[in-house]
Amino acid sequence: MSRERMVREMCAAVDAGDAGSFASWFADDATYVFANNEPLTGRAAIAEATAGAAGALPWVRHVVEQVAEVGEDQLFCRFTIETAAPDGTPLALPCVTVIRLAGDRVTDYRVHMDITPALAPVGAPS
């Protein structure tokens with residue numbers, strides 16, 4: 001399977017609310033860092049956090065714009081994350097993810113994005 005297809009399948013799992021399928025791509029001891037949050041370690045923690053994040057948004061759709069292979073074990077991925085603000089306003093949030101691999105398993109996954117516009121209380125400054 002191509003690595004771009006792998007990324008697209010991972011995104012589709014998140015978009016479908018299937019945190020278990022998303023986490024199945026990870027090594028048992030993988031690390032995952034979302035924005036400035038503390039790193040998570042392990043497939044179970046990654047699945048739990050993914051389910052929680054997906055549950056905090058009304059819906060989510062990843063638009064994959066670029067998947068670039070860097071060497072043999074790293075991917076640079078650029079996305080637009082489509083969702084809605086708490087007041088229903090559509091949002092398109094830029095996102096960059098850097099993925100390290102060992103074979104076909106993700107060993108490190110780092111998401112660089114600001115999700116606060118999707119979580120801000122209605123009427124709060126953005």
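How each quantity is defined
- Residues numbered from 1 in each chain as written.
- Predicted model: local features only at pLDDT ≥ 70, side-chain atom pairs only at ≥ 80, totals over all residues.
- Heavy atoms only, no water.
- Core = buried A, V, L, I, M, F, W, Y, C linked by side-chain atoms within 4.5 Å.
- Buried < 20%, exposed > 50% of the residue type's maximum accessible area, 1.4 Å probe, protein only.
- Helix = DSSP H or I, 4+ residues; strand = E, 2+ residues; numbered from the N terminus.
- Contact = heavy atoms within 4.5 Å.
- Expected span 1.5 Å × (residues − 1).
- Salt bridge = Lys/Arg side-chain N within 4 Å of Asp/Glu carboxyl O.

A. Representation of the nonpolar core. Grouped together as the largest cluster of nonpolar side chains are 36 residues, with contacts concentrated most on Val7, Phe22, Phe26 and Tyr109. Elements supplying a minimum of two residues to this core: helix 1 (3-15), helix 2 (19-23), strand 1 (26-34), helix 3 (43-56), strand 3 (61-70), strand 4 (74-84), strand 5 (90-102) and strand 6 (105-112). With six residues, the top contributor of residues to this core is helix 1. Phenylalanine 22 has contacts with Met10, Ala13, Val14, Tyr32, Ile46, Thr50 and Tyr109, leaving out every residue within four places of it along the chain.

B. Focus on the side chain of glutamine 74. Relative to the elements of secondary structure, glutamine 74 occurs in strand 4. Accessibility expressed as a relative area gives 18% for glutamine 74, which makes it buried. Excluding anything up to four places from it in sequence, glutamine 74 contacts Ala68, Glu69, Val98, Ile99 and Arg100.

C. How the structure looks around helix 3. Relative to the 20 Å expected for 14 residues at 1.5 Å per residue, helix 3 spans 20 Å between its end C-alpha atoms, a close match to the ideal helical length. For helix 3, the secondary structure elements touched by its buried residues are helix 1, helix 2 and strand 1.

D. Region of the structure containing the pattern of salt bridges. A complete count under the given rule lists eight salt bridges for this structure. Note that arginine 3 and glutamate 69 form a salt bridge whose closest N and O atoms lie 3.7 Å from each other. With arginine 3 in helix 1 and glutamate 69 in strand 3, this pair connects stretches of sequence that are 66 residues apart. Note that arginine 43 is salt-bridged to aspartate 28, the shortest N-O span being 3.0 Å. In this pair, arginine 43 is assigned in helix 3 and aspartate 28 in strand 1, connecting sequence segments 15 residues apart. Residue arginine 43 is classed as partly exposed on the basis of its relative accessible area, which comes to 28%. Assessed through its relative accessible area of 58%, aspartate 28 is described here as exposed.

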